[in-house]
Amino acid sequence: MVYCQRVLNVKRCDKMLGSNVPTVGGLPNGFKYADEWGCDSIQIYVSPSRTWKVPELTDKEIQDFKSAWRNSRVKIVVGHIPYLVNLASSNDELRKKSIRRLKIEIKRAENFGVLYLVLHPGTNQNRKEGIRLIAEGLNEVLDQFNNLNTKILLETVAGEGNKIGSQFEELANILEKVNKVDYCGVCFDTCHVFAAGYDIRGYKGYHKVLEKFDRIIGISQIKVIHINDSKAGLGSHVDRHASIGEGLLGLQVFHAIVRDNRFDGIPKILEIPERDTKSKSNLELLRKLKERDTPIIEKLSKQLTLEGFKDVF
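Residues numbered from 1 in each chain as written. Predicted model: local features only at pLDDT ≥ 70, side-chain atom pairs only at ≥ 80, totals over all residues. Heavy atoms only, no water.

Asker: Mind showing me how you'd approach helix α5 (residues 127-142) here?
Answerer: Note on helix geometry: an α-helix contains 3.6 residues per turn, so any two residues three or four positions apart are oriented the same way. For α5, built from 16 residues, the straight-helix expectation of 22 Å at 1.5 Å per residue is met to within 8% by its first-to-last C-alpha distance of 22 Å. Buried within α5 are the following residues: Gly130, Ile131, Leu133, Ile134, Ala135, Gly137, Leu138, Asn139, Val141 and Leu142. Its side-chain oxygen placed 3.2 Å from the backbone nitrogen of lysine 128, asparagine 126 serves as the N-cap of α5. (Helix = DSSP H or I, 4+ residues; strand = E, 2+ residues; numbered from the N terminus. Expected span 1.5 Å × (residues − 1). Buried < 20%, exposed > 50% of the residue type's maximum accessible area, 1.4 Å probe, protein only. Polar contact = N/O pair within 3.5 Å; in protein donor to acceptor, adjacent residues only side chain to side chain.)

Asker: Please explain the pairing of strand β9 (residues 222-226) as it appears in this structure.
Answerer: A regular strand places its side chains so that they alternate between the two faces of the sheet. Burial analysis of β9 places five of its five residues in the buried class, which makes it a mostly covered element. Two elements, strand β8 (residues 184-189) and β9, share four bridges in a ladder whose sense is parallel. Looking at the pairing, phenylalanine 188 lines up with isoleucine 225 of β9. The pairing of β9 with strand β12 (residues 268-270) spans two bridges and is classified as parallel. (Pairing = 2+ DSSP bridges.)

Asker: What is the right way to look at the nonpolar core in this model?
Answerer: The nonpolar side chains of a soluble globular protein tend to be buried, and buried together. Within the largest apolar cluster, 81 residues are counted, with the highest numbers of intra-cluster contacts made by Leu138, Phe188 and Leu286. Broken down by element, this core gets its largest block of residues, six residues, from α5. (Core = buried A, V, L, I, M, F, W, Y, C linked by side-chain atoms within 4.5 Å.)

Asker: Looking at this model, I keep getting lost on the pairing of strand β1 (residues 17-20). Mind explaining?
Answerer: In terms of strand pairing, β1 meets β12 through three bridges, oriented parallel. Each bridged residue has a counterpart across the sheet, and for serine 19 the counterpart in β12 is leucine 270. Here three bridges tie β1 to strand β2 (residues 41-44), and the two strands are oriented parallel to one another. Each residue of the ladder has a partner; that of serine 19, found in β2, is isoleucine 42. Once the chain exits β1 it traverses helix α2 (residues 30-37) before rejoining the sheet at β2, and the crossover so formed is right-handed. (Right-handed = clockwise from strand over helix to strand, strands pointing away.)

Asker: Looking at this model, I keep getting lost on empty space enclosed by the protein. Mind explaining?
Answerer: In this approach, a probe sized like a water molecule rolls over the atoms, and the result shows the empty space that is left. All told, the structure shown has two cavities of 30 Å³ or more when counted by the stated rule. Lining the largest cavity, in full, are His120, Val157, Ala158, Gly159, Glu160, Lys163, His192 and Asp239. Of the residues belonging to the lining of the largest cavity, the class tally is two nonpolar, three polar and three charged. The calculated volume of the second largest cavity comes to roughly 30 Å³. Every residue along the wall of the second largest cavity is listed here: Phe188, Tyr206, Leu210, Ile222, Ile225, Ile257 and Phe263. (1 Å grid on protein atoms, 1.4 Å probe; cavity = no way out; pocket = protein on both sides within 12 Å on 5 of 7 lines; lining within 4 Å. Points joined across faces, edges and corners; volume = space filled by probe spheres on them. Nonpolar A, V, L, I, M, F, W, Y, C, P; charged D, E, K, R; others polar.)

None of the figures reported here should be taken as evidence of function without further support.
So this is what it looks like as structure tokens:
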């Protein structure tokens, strides 16, 4: 287990653990949850997520957001682009609206100081056409900007229905067609990757999947990790997140991720179903894993509740 030892021998592990947070009542409220839960990074929507109508951003909104951020423990804020956006759509009107919305998202992210915007690539029955449309859409959007600080991150998806981006080759194909590729990257979702058919379980599985990703896309393209367990099986193409240790992935993969110094400084964001009640305890578990420098015995830890982890640690 050479790879296991390389992870376990890490002398320093960064923090940068976090969660998606509620922003009911205003975006600055997200930082209150971040501090309560112990987040070093957070994920939010930078605009209303369920409507195409986006109000003009005021100077006061920007100042209030930045003030709340300065007064919190959060180091990096990640934005998630609403699911309304579908750059791969063969419907001209929907695609035009998606391109307009992506431009708005970038402008808002830049104003707030948000470094990354996570994007589900898109949906199209014709995958080849969809990949072309996604790349063309990104080019149309990014050609409007210079000296961007914000990057668009294509998320690895589970592959439900006709969603594009479940295979590493699809993401690589899109990125190869993007002119300003320096403004792009990848968000690696552990639940989605597993559901898409990549067996990331265990230290060995983690090593194999990351090695394949590196060969096809490049590890350096991973700018954000969605660190989620999965309720759905390997290759099921079903997107069903679970709390850490309550799904099918086991703990070794999460131990490997938080100890992997290639991801120092990379936000590792929870997106769990019981966000408001379990994010704090899930982050506590991940911090325990981060500090552990001996291997996890999977048979003792698989699918245990947090209370049961005292026997593992």
